[in-house]
Amino acid sequence: MNATSHRRHGAERDQDFGDVDRPGLLAALAAVVPPANLLVDGEDLKPYECDGLSAFRQVPLAVVLAENEGQVAAVLGICHRLGAPVVARGAGTGLSGGALPHGQGIVLSLAKMKRILHLDPVARVAVVEPGVRNLAISEAAAPHGLYYAPDPSSQIACSIGGNVAENAGGVHCLKYGLTVHNVLRVRGVTVEGEIVELGSQALDVPGYDLLALMIGSEGLLAVVTEVTVKLVPKPETARVVMASFDDVTKAGDAVAAIIAAGIIPAGLEMMDKPATAAVEPFVNAGYDLDAEAILLCESDGTPEEVEEEIGRMRAVLEGCGATGIRVSADEAERLKFWAGRKAAFPAAGRISADYYCMDGTIPRKRLGDMLRAIAGMEKKYGLRCINVFHAGDGNLHPLILYDANVPGELERTEAFGADILALSVKLGGTVTGEHGVGAEKLGGMCVQFDGEELSTFHRVKAAFDPAGLLNPGKAVPSLHRCAEFGRMHVHAGELKFPDIERF
Amino acid sequence: MDAAAQFAERIRAADGGERALRLRGGGSKDFYGGALVGEVLDTREHRGIVAYEPTELVITARCGTPLAEIEAALAAQGQCLPFEPPHFGAGASLATVGGVVAAGLSGPRRAAVGAVRDFVLGVQLLDGVARRLTFGGQVMKNVAGYDVSRLMAGSLGTLGLILEVSLKVLPRPVAEATLRFDLPQAQAIEAMNAWAGQPLPISATCWQDGVLTVRLSGARAAVAAACRKLGGDLVDEGAAFWEALRQQRLDFFAGGEILQRLALPSVAPPLDLPGAQLIEWGGSQRWWRGDAAAARQAASRAGGHATSFRGGDKSAGVFQPLPAPLMQIHRRLKAAFDPRGVFNPGRLYPDLST
Ligand SMILES: Cc1cc2nc3c(=O)[nH]c(=O)nc-3n(C[C@H](O)[C@H](O)[C@H](O)COP(=O)(O)OP(=O)(O)OC[C@H]3O[C@@H](n4cnc5c(N)ncnc54)[C@H](O)[C@@H]3O)c2cc1C
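Residues numbered from 1 in each chain as written. Chains lettered and ligands numbered in written order. Predicted model: local features only at pLDDT ≥ 70, side-chain atom pairs only at ≥ 80, totals over all residues. Heavy atoms only, no water.

Chemist: Explain unusual backbone geometry to me, using residue names and the numbers behind them.
Modeler: Within the chain, A:R124 stands out as a residue other than glycine whose phi angle is a positive 60°. Structurally, the position occupied by A:R124 is in the loop between β5 (116–120) and β6 (125–128). Given a relative accessible area of 13%, A:R124 falls into the buried group. Not every positive phi belongs to a glycine, and B:A130 is a case in point at roughly 65°. With respect to the helices and strands, the residue B:A130 is situated in the loop between β6 (120–126) and β7 (132–136). (Helix = DSSP H or I, 4+ residues; strand = E, 2+ residues; numbered from the N terminus. Buried < 20%, exposed > 50% of the residue type's maximum accessible area, 1.4 Å probe, protein only.)

Chemist: So, the interface of chain A and chain B: which residues are in play, and what are the values?
Modeler: Contacts between chain A and chain B engage 81 residues on the former and 72 residues on the latter. The contact between chain A and chain B buries some 6,200 Å² in all, and 61% of this surface belongs to carbon and sulfur atoms. The three residues of chain A that bury the most area against chain B are A:L203, A:P206 and A:Y208, which together make up 13% of that side's buried surface. In this structure, the connection of chain A to chain B is made through seven salt bridges. The salt bridge partner of B:R117 is A:D209, with a shortest N-O separation of 2.8 Å. Joining chain A to chain B, the criterion identifies 24 residue pairs in polar contact (both at pLDDT 80 or more). Among the secondary structure elements, those contributing two or more residues to the side of chain A that touches chain B are α6 (173–176), α7 (179–182), β9 (195–199), α8 (210–214), α9 (248–260), α11 (303–319), α16 (442–448) and α17 (451–464) of chain A. The element contributing the most residues to the side of chain A that touches chain B is α17(A), with 10 residues. (Contact = heavy atoms within 4.5 Å. Buried area = accessible area lost by both parts, 1.4 Å probe. Salt bridge = Lys/Arg side-chain N within 4 Å of Asp/Glu carboxyl O. Polar contact = N/O pair within 3.5 Å; in protein donor to acceptor, adjacent residues only side chain to side chain.)

Chemist: Now, about the site of the ligand: what can you tell me, with residues and values included?
Modeler: Residue and element names in this part refer to chain A. As a structural note, the neighbourhood of the ligand is formed by 33 residues, with A88, G90, T93, S154 and S159 the closest of them. G90 places a polar main-chain atom, nitrogen or oxygen, 2.7 Å from an oxygen atom of the ligand. Between the ligand and G98 there is a distance of 3.2 Å, counted from an oxygen atom to a backbone nitrogen or oxygen. Against a free-state accessible area of 980 Å², the protein chains account for coverage of 95% of the ligand. Looking at the shell around the ligand, the elements with two or more residues in it are β3 (86–89), α5 (160–166) and β10 (223–230). Its residues assigned to classes, the shell around the ligand shows 14 nonpolar, 15 polar and four charged. Taken domain by domain, the shell around the ligand gets at least three of its residues from each of domain 1 (5–109) and domain 2 (119–233). (Near = heavy atom within 4 Å. Areas by Shrake-Rupley, 256 points an atom, 1.4 Å probe, with all protein chains shown as cover. Nonpolar A, V, L, I, M, F, W, Y, C, P; charged D, E, K, R; others polar. Domains from an automatic or database assignment.)

Chemist: Explain the domain arrangement of chain A to me, and be specific about the residues and the numbers.
Modeler: Residue and element names in this part refer to chain A. Each domain of chain A was delimited in the assignment, giving domain 1 (5–109), domain 2 (119–233), domain 3 (237–345) and domain 4 (442–496). Of note, the centres of domain 1 and domain 4, computed from C-alpha atoms alone, are 22 Å apart. Carbon and sulfur atoms supply 57% of the area that domain 1 and domain 4 bury against each other, a total of about 1,500 Å² over both sides. For the domain 1 face of the interface with domain 4, the top three residues by lost area are H9, A11 and D14, together amounting to 39%.

Chemist: Tell me about α9(A), residues and numbers included.
Modeler: Residues and elements named next belong to chain A. Helix length check: α9, at 13 residues, gives a terminal C-alpha distance of 19 Å against a target of 18 Å (1.5 Å per residue), a fit within 8%. Buried within α9 we find V248, A251, G252, A254, V255, A256, I258 and I259. Where the residues of α9 are buried, they touch α6, β12 (237–245), β13 (267–272), β14 (293–301), α11 and α14 (367–381). Where α9 starts, the residue carrying a side-chain oxygen 3.1 Å from the main-chain nitrogen of T249 turns out to be D247. G262 sits one or two positions beyond α9 and adopts a positive phi of about 80°. (Expected span 1.5 Å × (residues − 1).)

Chemist: Which residues make up the state of the cysteines, and what are the values?
Modeler: Going through the model one piece at a time under the given rule, you end up with one disulfide over all chains. Paired through a disulfide, A:C446 and A:C482 show a sulfur-sulfur distance of 2.1 Å. Between A:C446 and A:C482 the disulfide shows an S-S torsion of about -80°. By sign, it is left-handed. Of this pair, A:C446 sits in helix α16 while A:C482 is found in helix α18 (residues 479–488), placing the two residues 36 residues apart along the sequence. By relative accessible area, which is 5% here, A:C446 ends up buried. Considering cysteine sulfurs only, B:C227 is the nearest to B:C206, which forms no disulfide, with 18 Å between them. (Disulfide = S-S within 2.5 Å.)

In structure tokens form, the structure reads like this:
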């Protein structure tokens, strides 16, 4: 674009944006978007102060509701010229504070860009704007017997742009993949105002796989303005097995046994007893409330194939000591079994004033170890935790229940969560499987990566956004921040960032 | 000193000119990509499977491990690399797993299950200043930091020396069957796209010279049902045919004239290019012998791109040039990982390091 920002993105410390000229910024923005699309009053800004992680709140300088790519480019051009931070926002369902506003910057909402531009049932692709809801794509594809496979539990609300930014998964991603496996092309605008197209409707492009880099980049590399997704045929039929266990470790072992038998279920989810107790009154899914854990194991395909696979699943589950097995008799019952799982987060919200959702991933075989450790942490922190897992992928969603109005509970909750994440890394896993690092897991990143790896991430960011204006301070912590974090949490005497000055 | 430490020393001693490094495993893909420049750094000293647990669906191996060794270990447990990477080498030039990832080439099953990049879970690498870095991991889902591991797939060794890689693996299909149909090109393209929109267990397709060959893979019942539904002639030597296609040993691939690979939207109608074509991946990958300019023009018109894959004159560049904003990002990324330009100069694009 015309002018270059005076800012430079680096690894050492977060940039200071205290000098952003708010009146100048607002005047420039007012010149490129209609008045109704520029929110500046406290009252109008309030709904944007947080995403799905409501423990983190910040009011931005302004919110811009973009209606087309031209406006996105114009807004980014202005922010680049004036050196102002930009936080892209889809539906705001993120659970890691990724869309948390920057106090000296603007929120760029893509929610108004929600047209399905093109759906080609023969080529099996849909080209959509970033604000299109995940479920809306599958609904539009349904008349053709097709759907968009990744199905996050938030799919009625979350946007495809947000899915791309987080590499969202769903209960069926063990078999059908994550966002990264189901998006063919992303078009976006860099903060320098360049339109870039990553990936293609052809299955690959020359050069580096920038599409893979873009997916899961949490709004730090470019603002997504268009997405081409792959549509896949709906399986003829699907049935789900619900198995009860009298011991969580046995349920965890059953997950490994199913995979060992050469079965890749369409979905493989686990809920512990407190989780089923929380959701059952809410959805009447018919869960076995006496079981210490239940597994939901889905098979899809042709009727013959499903029959065959359900038989094999049943044999494995029985062999692993399941105390009860039910197979969905029809589609209504299948949906009912899943409804409980998909309602786990809202159910947590009903039985507790607040809940904090964790997202570590561990090797499947460590599920039992993790569950036992979490039980110990519940005692240590005096807080309850209910567990729902994408067990097939080893992705955990412990929901820590707390009350923000009780002094000290949020702090204990955060410490509890940090313990779970540190253990996830120790067990050979990661601090986030699908919700992203956002504003929330910066500390966990300092545990998982060393200074040189983090510096590499910062250089990747600078390759797309040299001025460091897109979602600054999120996803990848500065080295300085890790040094401070390390001062608070020295792990077993080892210091991960010995070179950085400490305060 | 272990092999990785020796590699690090070589990297530190290298530069972007006379002493650049040419990363090489078995050399089975020496034919692929741009110029071969620099002193050879042979990765095969750093070999061996580091971890393989079938129930975790992950294998971790050092870069120099022969692909054949990995496939044998997986086969012994009834598993496989689903993207069927081509070996393209034998004897002294056996493909290595580091090269599989760096070359980023996938085989017949690609359209059905995904490419190399879809199965890369984590890498350990040495960057251009010999920093040892680990990205991703051994778990299925991981969004901590940018997905640098997948970025390595197809980067042709220009960003770093992959020391170790973790790949997702899957069970081998229980049953397979191969069907053959006599169909002209346009109808074959239509059929492949129509079938891909139905819940059929199609795992590979190949059209050539009026014959469409289709492979079905999956549960016994599903394969049997699909055979009944699709009709066609059942082929006995199906497995041998797909292996020959994967390794480009079919007659179509013989000969020295430059082989163009065109990657297109699957629905692209037959291309107006003279001579024979071979079509794979449900219409998305098409092979043709002829010059780069014609291939690129036809591919661009159809919404894809062309690569001068094998043989011939490479002076026009092997990969289709990128739009300026993307090239700029490529250069910055190259500089981010390999600031001195020591790795494989010219292998991807001639002017990547500035
Ligand atoms: C009840 C509930 C259940 C959930 N279940 C799941 C689940 O099963 N699986 C799962 O993966 N997630 C789940 N989530 C998390 C969340 O829904 C996903 O992360 C989703 O992808 C976020 O989409 P969004 O549109 O709400 O994005 P937002 O929250 O608005 O933003 C998320 C991130 O994306 C960036 N962003 C948004 N739009 C763009 C754009 N156009 N260009 C660039 N960057 C952009 C933002 O800056 C931010 O960093 C759940 C959330 C809730 C509340």
